[in-house]
Every structure is written in C-alpha cells, then in structure tokens.
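Okay, here's what each chain looks like letter by letter:
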Amino acid sequence: MRTIHAYLVRLLLLAPCLVPLSWLGMPPIAHPATPEEIGLKIATESRARDDGFGNFMAKQAMVLRNKQGQESRRQLRVKVLEVAGDGDKSLMVFDEPRDVKGTALLTHAHKQEADDQWLYLPALKRVKRISSSNKSGSFMGSEFSYEDLSPPEVEKFTYRYLRDEPCGDLTCTVSERFPVDKKASGYSRQVVWQDKDALRTWKVEYYDRKDAHLKTLTIGKYQQYLDKYWRAGEMNMVNHLTGKSTVLTWSDYQFRTKLKERDFSKTGLKRAR
Amino acid sequence: MSRRGARSLLALTATWLIASCVAVDVHAEIELAAWDLSGLVSLEGRAFPQTGIDASQRSYTTGFVVEPKLYLEEAEGSSFTLVPFFRYDSVDSVRTHWDLREAYALLYGELGEGEWEVRLGVDRVFWGVAESQHLVDIINQIDFLEHPNGEVKLGQPMVHLTWTGDWGVLEFFGLPYHRPRIYPGRGGRLRFAGLVDRERVEYESGAEEWHPDFAARYSRSFGPLDVGMSVFDGTSREATLVCVPPACGGSVFPYVFIPYYSQIRQFGLDAQLTLDSWLLKFEAIHRSGERNPLGREEGIRTALIQGRGFEGILGQYREEEYVAAVVGGEYTFYSVFSSTSDVGLLAEWNYDERGRRALPRRQPMTLDNDFFIGARLAFNDVDSTEITAAFLTDASRETRNLGFEFDRRLFDQWSLHVEANLILSIDPLDVQYVGRRDGFYEFHLEYNF
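This one's a predicted model, so the numbers in the text were calculated from it and none came from an experiment. (Residues numbered from 1 in each chain as written. Chains lettered and ligands numbered in written order. Predicted model: local features only at pLDDT ≥ 70, side-chain atom pairs only at ≥ 80, totals over all residues. Heavy atoms only, no water.)

**Q** Tell me what's going on with the overall build of chain A, and back it up with residues and numbers.
**A** The secondary structure content of chain A amounts to four helices and 15 strands. A buried classification covers 52% of the 273 residues belonging to chain A. In chain A, the share of contacts with a sequence separation of at least 24, taken over all contacts with a separation of at least 6, comes to 44%. Accessible area of chain A: about 13,100 Å², with a carbon and sulfur share of 55%. (Helix = DSSP H or I, 4+ residues; strand = E, 2+ residues; numbered from the N terminus. Buried < 20%, exposed > 50% of the residue type's maximum accessible area, 1.4 Å probe, protein only. Contact = heavy atoms within 4.5 Å. Areas by Shrake-Rupley, 256 points an atom, 1.4 Å probe, with all protein chains shown as cover.)

Laid out in structure tokens, this is it:
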C-alpha cells in the first residue's frame, strides 16, 4: 500500500516524461500498440489508480422506476476492504426495504477464481454460503446486476480500445471489454467511456448475449477523496428493453476507517446490522 | 401464568438484567454512537380443513405477532440487542405466549493476529446447512407453538465466546438454563393426540433446568468448502413424553403426558461445497443418552398395568445411541428463459439409524429414511416475489407431506406470506398417525418498521 507521499514523489519524478505523453501518463510504447494492448493498458492503469485506498464505507440509496413511473426504494450500507494481490472484500448491509433490514452480503472477490459469498439472514440468524455464479441476476429487483456493482477486476475481461471522443468538457477514451468467463456474465460486451484526465468511468453500454444494446449506465457527481480516489455520487442505469431504470446515489463516503480484516469474516458478518 | 412459566420468565428476566448490567457497566463512560428500533407486527390466520381428533380442538385461529428489535451501539463497536416477542392466539391460550428472543451484550476486540468476541445474555444460534431439517443445530429450544417445522426458536441464555483466526473459528457456549419445549394447549391443533404437562417437567439431572450445559464448535472455510464440527453436552432440547396414569391412560381424554429431558451428548458435523451453481450439503450427528419408548411398548404396558409410577414407566424406556444424517444439494438455474427469475432445485435424503424407532423431527415426518424434494422460484422483481414447494416422502412407509409457500412485498413496509401444509398420507404405523388431520393453510400480513 503506497502512501500519498510516495505517490507524489513518484509523480514528480515522472513529471518530465509526462509532458510528451499524449495520454494516460503511460510509458511510451515501443511498437505500434494494438487496440487490445491499449485497452488493457487503460484498464490496468485505471485499476492501479485506485491502489492503496485501504478501506472505505458509504451509503447507497436506490430509486427503482418502472415504465409507468412507479417508484420503489432501497437503502444499504457498503463497507469495502482492499486486499493486496487479490480482489476486494466487501460487506453490504440492507436497511430498506424494511422486510430485509439487517440482511447482509459478504463477498471475498478474487482475481482469477470464483468469488466467495455468504449471506446473513437475521430472522434465522443463519449464515448461508451462496453461489457467486449469479453474476447476471438483478440486485434487489433493480436494473443493476451483481456484476454491474462489483469493481471490475482487470483479469476478468479482455479489452479493445476503439477511439477518443469528447465527453462533456473532457476527452474520453472509448473501449470495449469482453468477459473472460462468458458463462458467468450476462453480457457479450460492454463499451466504456473513461476520461483521459483521471480515468473516471462516465458511461457504460451493456450488450446482452445476443449483442443487443440492453442497458446504459451514466455516472456522475464525482468527488475526490484523500486527494486521490475518485468516487461517483450518482449512477443511473436505464434498461432499453423494459423501459425501467434505477438511480443509485452514493453518500457519506469515509475512507481509511477503522475497518479491519476481521470485520469481513463470517463472524464479522453475524455482527453486521 | 403457570408456576413453571413464572420461573422461566424470572430466569429470562434475571439473565437479561445481568446482561444489561454488564452492558451498562462496560458502557458506563462511553457514549451511545448508534441506536436503532426496528421490528415486525404480523396479522396471522391459520385454517385446518379437517376437524381435529379431539372435539375441543378448533379448526381455525387468528392472532397477531409483535417482535420489535432495539439495538444500541457505543463508539468502540460494543452493542446491546433486545428482541422481545409476543403472540396472541384467538383459540389457544397456551399459544398466546411471550418470549425474550434476544437480550445480549456483544463485545469484541483483537486477540493476537485474530479476534475475540463475547455474547452474553439471551441469543439465538444457528448451525448447519441443510433445508429439510436442522440436524446439528442444538443450542436453542424450538418454539413449537409457532410452527411445527421447527424453524422458529426460543431465546437461550448463554455465554458465547468466539475466537477467530487464520486457522478457523472456535466457539464455546455455556448454557446455564434449559428452556422446555412448550406444546399447544387444549383448543390448539398440531398437538396430536395428547396434551403435555406444563406444571410438571422432569429432568434426568438433579439440577433440573439449571444444569449447566456446554457446547463447542470449530468451523473453517477451505476455498469452496465450509466445514463445522460441534459437540454438545447437557440437557436434550427434545422431550421424551411419558404417559403416567391417572392423567394419561385408560378412558381419560385427552391424555396429559409428562415431558422428560435426558442428559445427552451429541457430536455434529456439517459441510457445504459450493461449486458454481451447485451447493452440496452434508450434516451428521451422533447422539447418546436420550430415552425412547418406541420398541419397548410391551414393558411399558406391563408397568402401566402394575400401576407403577413415573420412574417405573420411564425405566422401561430405552437409553439410546444413534447416528443420523442429511445429505443433499441445491442447484440454481439463474435468469431462466432470459427472464430475471431464478429457479432452484433442492434434494436431500434424511437418514436415522433408529429406523422405525426414530421420533418425529419435523412434524409430521420422522425423517428416518425420507426424501425431500424442493423447488424455489424467485422472480427477482421489485416486490421480491418468491414461491417455494417442498415435498417430503418416507422411502419405506406411506407418509407424504407437501408444502407450498408464497412471499411477496405488497407496499414498501407491508408484505404477505401464504403457505399450505398438506399431509398427503400418513402410515398407520407411524407414531404421528394421530396428527393425520392436521394439514393446514396459513397467512401472514406483515408490517415491518
């Protein structure tokens, strides 16, 4: 885990070579890079910029809208722990709807193999190990699926850079990513817009297994924490097939809290509330 | 309220007071960092299409449940949880009951590379992986008044220590007080032929309900495999029912049985292997020390004819030692037919070494050589609509049970639960044959706050 100081020193040392680099602050590429190589570099760099956050907590509020405009609400709290050399550990605790209040989901994500997931059911005080292959399923009846909400591990996709194009006041790179495990994902591909300044994701288009444009996610209200880590404040997912949409609002971000490894164990899961 | 009821109330209150005193003492100088009041109010009804065996049993009942939950947390993360429970039943005054489901202080901290956790007070604990029965699960008494499936439990006073490390999780339980199982009263159904005495409860131990029981469990995850090993030494949670004249026998109706609790030892093993969409499950127990009347009918009859008392009749019961197991699995088809719905299929085989001498574990099934087949359809819609079906069949006898459940959120805070428990057939040789008319339908209209 790098400190901010170490990061700043590195940045200063790199400063002279940052200037000629037209994009991304990446070292110059010796041979003409293929679109696949560029795509992978963007993904790797994007993930690397998030290194060292340690842990964070945040609140999520979802508003689910159907075609007729009827609304339904969800509220949950999220705790995430960075794990060196592996996927993050996360704990989600549901507050609303009230009938699932106290239900908690513990995920130990992995870079290569399948994630480990346990569900805590407060009415029975039961911890249940569940299958993590349900990536494409709806998350709490929303337009977000589990895979849409888990941070994309670089190793779980292959990439292809498409083009640069303006996005608002910024310039974005547009790349495609394809799931390595085709069975585990509900998508054949995703198209991702990331700005060249900070590699924040602003838009994702999801294409289903028949390559039909299924959903579009737009992300906004970014804020920077600890002078380094960008986090979205609002995510809007629209399903083009059903006309339903879900707005996910993030709030109360807290970084480098006293969260410990032990809070992400099965014993810790039983304490979640 | 009965004498025993008053005593158990006293014991629960004492435990609660001790737990809250500890909590207050520990928290004396620390400010409350968070608190939360939530809970459930439920309007419920149950209907039995067939009349009971006993004319005093009613064919329908209505009532309500109140179960609030108060949670207090101080800045360091220690907390106190309080969950009282009350049920009102319109036809059975025994089923109108209250309980302290939870009232415990929780403290935890670092211990070397790992952590320690203490839960002190009344709590509920769940062990195991199977769905058709909870074989290894033994810490709590079941709340038999709530549902014959045994999923609902009474609060258990305990000291629960947990030590977690890279090497796994080790837990110790000190259980100072025994909660007897309460059976439905005269107007109630699902009590089968007789009533169970609430005033007279017999224990093998001279310390009666104050016999200190102990339990321990070691559990660990190895990649896709979750394993738990447990041991319990103390008062059985299952009553042995003893028929002693004049309250029981002859032309008396209904019979009033005396419940007797043996000192038992149980070793348990539970494991689940999670591979993609497969969950493979296994639970097994070895239990010794429990008394069983089945297979000793001749001797019991003789003792009854000789006019012997409780001890003499109980002396005829066999003190048994047996193994029982559940093995099975669950497979889920996600997003079937390109919809958002998931379909889960479950199958489990229940085995009990005692065979025909096995006592019912999940009414009306003995689960000695029984297959369970289940299906779960989750629509994953906004209202979390879910339908489950469960079929239990005895492989060697004509006993079959079919259950359906439907769950759905109605509005943000309201939800609906409807279930059907159909007894398709019961073999006349089964002890639970007397319960053959107790299939029922039930609904809950729940308000969650």
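So, next bit.
**Q** How would you explain the interface of chain A and chain B if you had to name every residue and give the values?
**A** In this assembly, 34 residues from chain A lie in contact with 54 residues from chain B. Counting the surface lost from both chain A and chain B, the interface buries some 3,500 Å², and carbon and sulfur atoms represent 43% of this. Of all residues in chain A, Lys125, Arg126 and Arg129 of chain A bury the most surface against chain B, accounting for 20% of the area lost on that side. Linking chain A with chain B are 13 salt bridges, by the criterion used here. The residue Lys125 of chain A makes a salt bridge to Asp123 of chain B at a minimum N-O spacing of 2.9 Å. Inspection of the chain A/chain B interface yields 24 residue pairs in polar contact (both at pLDDT 80 or more). For the side of chain A that touches chain B, the elements supplying multiple residues, two or more each, are β2 (71-81), β5 (116-121), β6 (126-130) and α4 (266-271) of chain A. (Buried area = accessible area lost by both parts, 1.4 Å probe. Salt bridge = Lys/Arg side-chain N within 4 Å of Asp/Glu carboxyl O. Polar contact = N/O pair within 3.5 Å; in protein donor to acceptor, adjacent residues only side chain to side chain.)

**Q** Account for the pairing of strand β21 (residues 414-425) of chain B, naming residues and giving values.
**A** All names here are of chain B. Here strand β20 (residues 400-409) runs beside β21; their pairing, made up of 10 bridges, is antiparallel. Bridging from a neighbouring strand, Arg408 pairs with Leu416 of β21. As judged from the eight bridges shared by β21 and strand β22 (residues 440-448), these two strands associate in the antiparallel manner. Bridging across to β22, Ala420 finds its partner in Tyr441. (Pairing = 2+ DSSP bridges.)

**Q** Just give me the short version of unusual backbone geometry, but keep the residues and values in it.
**A** Peptide bonds are, in most cases, trans, and in most cases residues other than glycine have a negative phi. With omega at 0°, the peptide bond leading from Glu96 of chain A into Pro97 of chain A counts as cis. One can find Pro97 of chain A in the loop between β3 (89-96) and β4 (104-108). Along the chain, Phe253 of chain B connects to Pro254 of chain B via a cis peptide bond; the corresponding omega equals -5°. Tracing the sequence through the fold places Pro254 of chain B in the loop between β12 (240-242) and β13 (256-261). Located in the positive-phi region is Leu367 of chain B, a residue other than glycine, with phi close to 60°. When you line up the elements, Leu367 of chain B lands in the loop between β17 (342-352) and β18 (369-378). Take Leu367 of chain B: its relative accessible area is 0%, and that puts it in the buried class. Within the chain, Ser384 of chain B stands out as a residue other than glycine whose phi angle is a positive 50°. Its place among the elements puts Ser384 of chain B in the loop between β18 and β19 (386-394).

**Q** Account for the packing of aromatic side chains, with residues named and values stated.
**A** Taken as a whole and assessed by the stated rule, the structure comprises 29 aromatic pairs over all chains. Ring centres 5.4 Å apart and planes at 85° place the aromatic pair Phe139 of chain A and Tyr146 of chain A in the edge-to-face group. A relative accessible area of 1% places Phe139 of chain A in the buried class. For the ring pair Tyr331 of chain B and Phe333 of chain B, a centre distance of 4.9 Å and an interplane angle of 70° mean the geometry is edge-to-face. The exposure class assigned to Phe333 of chain B is partly exposed, which follows from its relative accessible area of 39%. Among the aromatic residues, those joined into a cluster by ring pairs are Phe53, Phe56, Tyr225, Tyr229, Trp250, Tyr253 and Phe255 of chain A. Sitting over the face of the ring of Phe85 of chain B, Arg101 of chain B holds its NZ or CZ atom 3.8 Å from the ring centroid. Seen from the ring of Tyr322 of chain B, Arg354 of chain B lies directly overhead, with NZ or CZ sitting 3.6 Å from the centre. (Phe/Tyr/Trp six-rings, centres within 6.5 Å; stacked < 30°, edge-to-face > 60°. Lys NZ or Arg CZ within 6 Å of the ring centre and 35° of its normal.)

**Q** Give me the lowdown on the side chain of Glu143 of chain A, citing residues and values where you can.
**A** All names here are of chain A. Here Glu143 lies in the loop between β6 and α3 (146-149). The buried charged residue Glu143 lacks any salt bridge partner; its closest oppositely charged side chain belongs to Lys244, at an N-O distance of 4.7 Å. Among the polar contacts listed, one links the side chain of Glu143 to the side chain of Asn239, at a separation of 3.0 Å. With near-sequence residues (within four places) excluded, Glu143 lies in contact with Asp148, Lys215, Met237, Asn239, Thr242, Lys244, Ser245 and Thr246. (Lys, Arg positive; Asp, Glu negative; His and termini not counted.)

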